[in-house]
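# Chains, contacts and geometry: an overview
One-letter residues, chain by chain:
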Amino acid sequence: MAIISNESAKLVLVLLAIIATPVVSGLFAGLARRMRLRRDGGMEASIMQPFYDFNQLIRQQAGPAEKPAMFATLLQLAFSLLALALIVLQRNLLAALLLQSVSGLMAIAANSVRPVGDESLRRTNPLKLFLTYQPLVLMAAAGCGLAAGGFGIDAMLGLPRPLIIELPLLWLTLLYVAYISSRQEPEKSLHGPLLAVDRLAGCFRQASLLLFAGVVAADSMIMAGLLALLLGYGLATAEDLRGRLHWRLLAAWGWEFVYFACAINLSWLYIKYLL
């Protein structure tokens, strides 16, 4: 009976996470936009503006050119929802990250359906960016597996101390990847309802990544969710902070510095647990 109650509670958490993710993400985006407009001296927008924009997209009519992209768009939403659900249910981390990766690939496929010779296709390369940062997420998962002795999220949360103590550089890398992926805004080939679904799927993908970062730094799923909320707000307002600071180290070294930091952290874990 206790097992049934526990599983029921986890299912309730999944439903709450699915409902709360787009709501919280929209509120954070609206708050960040309002703060940015106030700082620049412009007319203040409503904090609910992202929801108004989403509703307007849903009401638009999808064009005939978007039909080939519909299947990929719906698939990326399904995979992103499954990835988030697996993490909330404390299942296998690698399986969740695989679904999250496939959702990202479906997003790229959906947005690559453009007329031949489109200028925006030559200006952006989302696949190259995806292949740059996605291995870093898998490296962070590998570090979790080494430190926890497996990839079960329940085992990671049941450790005597949070994984962040063993994975500080990998955890910072996760935050950097979350920031970069949240700012990835290639020119969309989708419009109307498909663009709304595309943004919704991206919201759930981002939530999975932030919840992963929360699992690394917390000792329970509730604390991981609270940390994911704080990190989400930080990412929503990070652009303003970035404009005020000089990130010379990352600007000069870029992804080479990030990969180097991950290699140091993984080397330490390998020496500690496998040698």
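Quick notes on the rules
All residue numbers refer to position in the chain's written sequence, counted from 1. Where local features are concerned, this predicted model is filtered to residues with pLDDT of at least 70; where side-chain atom pairs are given and counted, the filter is 80 or more; whole-chain, interface and lining totals use all residues. To get the side-chain values, take all heavy atoms of the structure and skip hydrogens and water. Nonpolar cores are built from buried Ala, Val, Leu, Ile, Met, Phe, Trp, Tyr and Cys residues. Side-chain atoms within 4.5 Å join them into one set. For the exposure calls, accessible area comes from a 1.4 Å probe over protein chains only, and a residue counts as buried if that area is under 20% of its type's maximum, exposed if over 50%, partly exposed in between. By the criteria applied, helices consist of DSSP H or I runs no shorter than four residues and strands consist of E runs no shorter than two, each listed in order from the N terminus. Any pair of residues with heavy atoms lying within 4.5 Å of one another is described as a contacting pair. Contacts described as polar in this section are N or O atom pairs within 3.5 Å, which, within protein, must combine one atom able to donate a hydrogen with one able to accept it, while residues neighboring in sequence count only if both atoms come from side chains. Only Phe, Tyr and Trp rings are paired, with Trp represented by its six-membered ring, and only when their centres lie within 6.5 Å; those with planes under 30 degrees apart are stacked, over 60 edge-to-face, the remainder tilted. Patch membership requires over 30% relative accessible area and the absence of a salt bridge. Like charges are linked within 9 Å, and nonpolar side chains (Val, Leu, Ile, Met, Phe, Trp, Tyr) within 5 Å. With residues, only the protein chains shown are counted as cover, and all accessible areas are computed by Shrake-Rupley using a 1.4 Å probe. Salt bridges are defined by distance alone: a side-chain nitrogen of Lys or Arg within 4 Å of a carboxyl oxygen of Asp or Glu. To estimate how far a helix should extend, the number of its residues minus one is multiplied by 1.5 Å. Every residue is assigned a pLDDT by the predictor, reflecting its confidence on a scale from 0 to 100. A fitted line through C-alpha atoms serves as each axis, taken over the contacting stretch for helices, and the angle formed by two N-to-C directions is quoted from 0 to 180°. Just so you know how the angles are binned, under 35 degrees is roughly parallel, over 145 roughly antiparallel, 65 to 115 roughly perpendicular, and the rest oblique. The hand of a helix crossing depends on one turn: near helix anticlockwise from the far one by less than a right angle means left-handed, and clockwise means right-handed. In the scheme used here, Gly and all other residues not listed as nonpolar or charged are polar, with Ala, Val, Leu, Ile, Met, Phe, Trp, Tyr, Cys and Pro taken as nonpolar and Asp, Glu, Lys and Arg as charged.

In a soluble, globular protein the nonpolar side chains are often hidden away together inside. Counting 58 residues, the largest nonpolar core has L93, C144, L174, L211, F212, V215 and V216 as its most contacted members. Tallying contributions element by element places helix α9 (residues 192-217) first for this core, with 12 residues. What V215 contacts, discounting residues up to four positions off in sequence, is I87, I153, M156, L157, M221 and A224. If you look at the next biggest cluster of nonpolar residues, it comprises eight residues, including L57, A69, L190 and A196.

Mapping T21 onto the fold places it in helix α1 (residues 2-40). A relative accessible area of 14% places T21 in the buried class. A polar contact is formed between the side chain of T21 and the backbone oxygen of A17, at a distance of 2.6 Å. When residues no more than four places from it in sequence are discounted, the contact partners of T21 are L84, C203, F204 and A207.

Tallying each qualifying case throughout the model produces three aromatic pairs. Ring geometry for F130 against Y133: centres 5.9 Å apart, planes inclined by 70 degrees, an arrangement best described as edge-to-face. Residue F130 and its partner Y133 are both found in helix α6 (residues 126-148); the two are separated by three residues, about one turn of the helix. Accessibility classification places F130 together with Y133 in one group, the buried group.

A few words now on a nonpolar patch on the surface. On the surface, a nonpolar cluster with roughly 440 Å² of combined accessible area is contributed by I19, V23, L27, M48 and Y52. The dominant element in the nonpolar patch, judged by the number of residues it contributes, is α1, at three residues.

A word on α9. Its 26 residues place the ends of α9 38 Å apart at the C-alpha level, agreeing with the 38 Å of an ideal helix rising 1.5 Å per residue. Judged by how many residues are buried, α9 sits mostly within the fold: 22 of 26 residues are covered.

With respect to the element layout, E166 can be found in the loop between α7 (153-157) and α8 (168-182). Reaching out from E166, the side chain makes a polar contact with the side chain of Y273 at a distance of 3.1 Å. Contact partners of E166, with chain neighbours within four places excluded, come to A147, R161, N265, W268, L269, K272 and Y273.

This part covers the pattern of salt bridges. The final tally for this structure, using the stated rule, is three salt bridges. A salt bridge links E166 to R161, with the shortest nitrogen-to-oxygen separation between them at 3.0 Å. Owing to a relative accessible area of 43%, R161 belongs among the partly exposed residues under this scheme. Across the salt bridge formed by E166 and K272, the nearest N and O atoms sit 2.6 Å from each other.

Here we take up the environment of A142. Note that A142 resides in helix α6. For the pair formed by A142 and L269, sequence separation is 127 residues and the distance between their alpha carbons is 9.8 Å. Excluding anything up to four places from it in sequence, A142 contacts F151 and L266.

We now examine the environment of T237. Within the secondary structure, T237 sits in the loop between α10 (221-236) and α11 (238-244). Taking the C-alpha atoms as reference, T237 lies 8.5 Å from M35; in sequence the two are 202 residues apart. Excluding residues within four positions of it along the chain, T237 makes contact with A32 and M35. Of the polar contacts made by the side chain of T237, one reaches the backbone oxygen of Y233; its length is 3.1 Å.

Now for the confidence of the model for the protein. Keep in mind that low pLDDT regions are not for reading the predicted coordinates in detail. Averaged over the protein, the pLDDT score is 83; the fraction of residues at 70 or greater is 83%. When the criterion is pLDDT under 50, residues 115-123 qualifies, and its contacts beyond four places in sequence or with other chains add up to five contacts. Within the model, pLDDT remains below 50 along residues 245-252, and this stretch shows seven contacts once partners closer than five positions in the same chain are excluded.

Now for the packing of α9 against α10. Packed helices, taken two at a time, are described by the angle between their axes plus the distance between the axes. Look at α9 against α10: their axes get within 7 Å of each other, and the N-to-C directions meet at 125 degrees. By the angle class used here, α9 and α10 are oblique. Read as a crossing pair, α9 and α10 show a hand that is right-handed. Facing Q206, L210, L211, A213, G214, V215 and A217 of α9, the residues of α10 in contact are M221, A224, G225, L227, A228, L231, G232 and L235. When its residues are assigned to classes, the contact of α9 with α10 shows 11 nonpolar, four polar and no charged.

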